[in-house]
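Listed here are the chains, written in short residue letters.
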Amino acid sequence: QLQLVESGGGLVQPGGSLRLSCAASGFSLDRYVIGWFRQAPGKGREGVSCIKGNGGIITYADSVKGRFTISSDNAKNTVYLQMNSLKPEDTAVYYCAAVTQMSLLFRVCGTATEYDYWGQGTEVTVSS
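Scoring rules and cut-offs
Residues numbered from 1 in each chain as written. Predicted model: local features only at pLDDT ≥ 70, side-chain atom pairs only at ≥ 80, totals over all residues. Heavy atoms only, no water. Core = buried A, V, L, I, M, F, W, Y, C linked by side-chain atoms within 4.5 Å. Buried < 20%, exposed > 50% of the residue type's maximum accessible area, 1.4 Å probe, protein only. Contact = heavy atoms within 4.5 Å. Phe/Tyr/Trp six-rings, centres within 6.5 Å; stacked < 30°, edge-to-face > 60°. Helix = DSSP H or I, 4+ residues; strand = E, 2+ residues; numbered from the N terminus. Polar contact = N/O pair within 3.5 Å; in protein donor to acceptor, adjacent residues only side chain to side chain. Disulfide = S-S within 2.5 Å.

1. Observations regarding the nonpolar core
- By size, the foremost hydrophobic cluster in this structure holds 28 residues, and its most contacted members are F27, I34, W36, L81, M83 and Y94.
- Look past the residues within four positions of L81 in its chain and what remains in contact with it is L18, R19, L20, W36, V48, S49, F68, T69, I70 and Y94.
- Among the nonpolar cores identified, the runner-up in size contains ten residues, and F37, A97, V99 and Y115 belong to it.

Rendered as structure tokens:
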């Protein structure tokens, strides 16, 4: 059974950093796109950063370019999102998701409705 489990969220001050982890089980990362999405209070779920599971292709939303870094570790079957220079507007529940449709990477992450598997989410709050 394919499962995704996010971790690493928490409360951080503006300008701080967090590293989120998405641990995958039941599938091989290189067969999937892994996307990080976030949903802020009262907002829709937006794509943040996506990666071909083996790291060959990486995309970022304009709002996080230069601040966030996505990476994958196939040995650990885990995808990470390093978030630096965090801003209050980054506050959201962050989800990782998986889909086999590699072409979504040509549209940054595609849309949330196009992903087949989701983790439970991890909450990130950026506040002084």
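The rest of the description comes next.
2. Quick notes on the packing of aromatic side chains
- Counting across every chain of the model gives six aromatic pairs.
- Arranged with centres 4.6 Å apart and planes meeting at 65°, the rings of F27 and Y32 form a pair that is edge-to-face. Accessibility classification places F27 together with Y32 in one group, the buried group.
- Relative to W118, the ring of Y95 has its centre 6.2 Å away and its plane inclined at 80°; by these criteria the two rings are edge-to-face. Of this pair, Y95 sits in strand 9 (residues 92-99) while W118 is found in strand 10 (residues 117-118), placing the two residues 23 residues apart along the sequence.
- Taking relative accessible area as the criterion, Y95 reaches 15% and is therefore assigned buried.
- Joined through ring pairs, the aromatic side chains of F37, Y95, Y115 and W118 make up one cluster.

3. What about the side chain of R67?
- Along the chain, R67 falls in the loop between strand 6 (58-60) and strand 7 (68-73).
- Residue R67 is classed as buried on the basis of its relative accessible area, which comes to 10%.
- Looking at R67, its side chain comes within polar contact range of the main-chain oxygen of S85, at 3.0 Å.
- A polar contact of 2.7 Å, which involves the side chain of R67, links it to the side chain of D90.
- Apart from the residues within four sequence positions on either side, R67 is in contact with Q82, M83, N84, S85, L86, K87 and D90.

4. So, the side chain of S49
- With respect to the helices and strands, S49 occurs in strand 5 (residues 45-52).
- A distance of 2.9 Å separates a polar side-chain atom of S49 from the backbone oxygen of T59.
- Residue contacts for S49: discarding those within four places in its chain leaves I34, G35, W36, T59, Y60, I70, L81 and C109.

5. Some words on the state of the cysteines
- Summed over all chains, the structure comprises two disulfides.
- Between the sulfur atoms of C22 and its disulfide mate C96 the distance is 2.1 Å. Handedness of the C22-C96 disulfide follows from its S-S torsion of about 75°: it is right-handed. Separated by 74 residues along the polypeptide, C22 in strand 3 (residues 18-25) and C96 in strand 9 bring together distant segments of the chain. Accessibility assignment for this pair places C22 and C96 in one class, buried.
- With a sulfur-sulfur separation of 2.0 Å, C50 is cross-linked through a disulfide to C109. Measuring handedness by torsion sign, the sulfur bridge of C50 and C109 sits at about 125° and is right-handed. With C50 in strand 5 and C109 in the loop between strand 9 and strand 10, this pair connects stretches of sequence that are 59 residues apart. No difference in accessibility class separates C50 from C109, as the two residues are buried.

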